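Chain by chain, the residues run as shown.
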Amino acid sequence: MTETKQKTAIVTGASRGIGAAIAARLARDSFNVVVNYSGSEMAALEVVAKIEAAGGRAMAIKADVSDVSAVKHLFDSAETTFGGIDVLVNNAGIMKLAKIVDSDDDLFDSQVAINLKGTFNTMREAATRLRDGGSIVNLSTSVVGLKLETYSVYAGIKAAIETMTGIMAKEMRGRTITVNSVAPGPTSTELFLDGKSDEFINKLKMMSPMERLATPEDIANAVAFLAGPDGTWINGQTLRANGGLV
Ligand code: NAP
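Keep in mind it's a predicted model, so treat the numbers as computed, not measured.

**Observations regarding the pattern of salt bridges**
And then number 1: If you walk through the whole model with that rule in mind, you get 10 salt bridges.
And then number 2: Note that Glu-79 and Arg-129 form a salt bridge whose closest N and O atoms lie 3.0 Å from each other. A residue pair is termed long-range when its members are at least 10 positions apart, and Glu-79 in helix H3 (residues 68-82) and Arg-129 in helix H4 (residues 105-129) qualify at 50 residues.
And then number 3: What makes Glu-79 partly exposed here is its relative accessible area of 29%.
And then number 4: Overall, Arg-129 belongs to the buried group, its relative accessible area being 16%.
And then number 5: Among the ionic pairs, Asp-106 bridges to Lys-96, the shortest N-O distance being 3.0 Å. Residue Asp-106 is found in helix H4, and its partner Lys-96 is found in the loop between strand S4 (85-90) and H4; the two are separated by 10 residues along the sequence.
And then number 6: Beyond isolated ion pairs, a larger network of salt bridges with shared partners links Lys-72, Asp-76, Glu-79, Glu-125 and Arg-129.

**Focus on the layout of surface pockets**
And then number 1: Counted as a void, the largest pocket has a volume near 1,100 Å³.
And then number 2: Along its surface, the largest pocket is lined by 48 residues, and Gly-93, Ile-94, Met-95, Thr-189 and Leu-191 are the ones closest to its centre.
And then number 3: Taken together, the elements giving at least two residues each to the lining of the largest pocket come down to helix H1 (17-28), strand S2 (32-37), H4, helix H5 (143-146), helix H6 (152-171), helix H7 (190-193) and helix H8 (198-207).
And then number 4: Tallied by class, residues from the lining of the largest pocket come to 22 nonpolar, 19 polar and 7 charged.
And then number 5: Of the voids in this model, the second largest pocket is the one considered here, and its volume is about 360 Å³.
And then number 6: Lining the second largest pocket are 25 residues, with Gly-133, Gly-134, Thr-176, Thr-178 and Thr-232 positioned closest to its centre.
And then number 7: Sorting the residues of the lining of the second largest pocket by element identifies S4, strand S5 (130-139) and helix H9 (216-227) as the ones contributing at least two each.

**Examining the nonpolar core**
And then number 1: The biggest cluster of nonpolar side chains holds 33 residues, and the ones touching the most others in it are Ile-22, Leu-26, Val-33, Val-35, Val-89 and Val-182.
And then number 2: Membership of the second largest hydrophobic core comes to 24 residues, among which are Val-34, Ala-70, Val-71 and Ala-169.

**What to know about the site of the ligand**
And then number 1: Around the ligand, a shell composed of 31 residues is seen, among which Ser-15, Ser-38, Ser-40, Tyr-154 and Thr-189 lie nearest.
And then number 2: Between the ligand and Ser-38, the relevant distance is 2.5 Å, taken from an oxygen atom to a side-chain nitrogen or oxygen of the residue.
And then number 3: Contact distances for the ligand include 2.7 Å between an oxygen atom and a backbone N or O atom of Gly-39.
And then number 4: A total of 900 Å² of accessible area belongs to the ligand in isolation, and the protein chains cover 94% of it.
And then number 5: Judged by the fraction of its atoms near the pocket grid, the ligand is located in the largest pocket.

About the criteria used
- Residues numbered from 1 in each chain as written.
- Predicted model: local features only at pLDDT ≥ 70, side-chain atom pairs only at ≥ 80, totals over all residues.
- Heavy atoms only, no water.
- Salt bridge = Lys/Arg side-chain N within 4 Å of Asp/Glu carboxyl O.
- Helix = DSSP H or I, 4+ residues; strand = E, 2+ residues; numbered from the N terminus.
- Buried < 20%, exposed > 50% of the residue type's maximum accessible area, 1.4 Å probe, protein only.
- 1 Å grid on protein atoms, 1.4 Å probe; cavity = no way out; pocket = protein on both sides within 12 Å on 5 of 7 lines; lining within 4 Å.
- Points joined across faces, edges and corners; volume = space filled by probe spheres on them.
- Nonpolar A, V, L, I, M, F, W, Y, C, P; charged D, E, K, R; others polar.
- Core = buried A, V, L, I, M, F, W, Y, C linked by side-chain atoms within 4.5 Å.
- Near = heavy atom within 4 Å.
- Polar contact = N/O pair within 3.5 Å; in protein donor to acceptor, adjacent residues only side chain to side chain.
- Areas by Shrake-Rupley, 256 points an atom, 1.4 Å probe, with all protein chains shown as cover.
- Sits in = over half its atoms within 2 Å of the grid points.

Here you go:
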């Protein structure tokens, strides 16, 4: 297969957690994978090494998704190395939780910059740079449906991402490019586990009729479906991958 015929996926925030599992899964599905990270270089290089050891093709690219020029560099690097881009997975994100009354400006501004502006930056770049037939998958959260206390800024931004998803799907008319979101429930990663008591983690776990947290691979399966050949008729949708939580 020539360089230009093999499909290429950019996965933002793929140095650990859900993004690392998505990168590994898309590589297994024969995509060239761009493993994006902003600070965790060693972890990103390990994700690349594991993909290569399994016979896949990947490279790590540092880019803070909140930085417009870094995002351009991310897309340029992917095109230069792999000859084109077919799939964008907007997975990079941070989570800071507090009731609105206790939320400071940094809590709001940092999540807007990385989670919302970061997703906008890559979607805008992808609009002109994805090859026809490609797809965009954005990570939302099932808390958009659950509406848990302390999640208002984080989940409010994800609700905005779900709305941008549905609208951009229509804006891509004529390009055969799908735009969807995956909204995980509680998933066993640093972002979810850090700073939470065992009691709260167990409470969230037991809210699902499956009585467990998601693994990053559970979420990667849903993303791979939307990014792959079986998902081509799903467009402008949000798929809640949460074991029946909401
Ligand atoms: P995680 O384990 O904390 O990993 C986050 C990833 O994002 C890391 O690779 C991190 O890399 C990267 N990242 C952070 N800021 C970045 C930036 N400015 N630019 C580029 N990359 C950046 O988080 P996760 O749990 O896997 O979450 C992944 C996505 O799923 C997020 O969008 C999150 O909102 C969503 N989600 C998670 C859960 C859950 O329960 N875990 C539930 C619903 C939705 P660096 O260290 O290199 O910055």
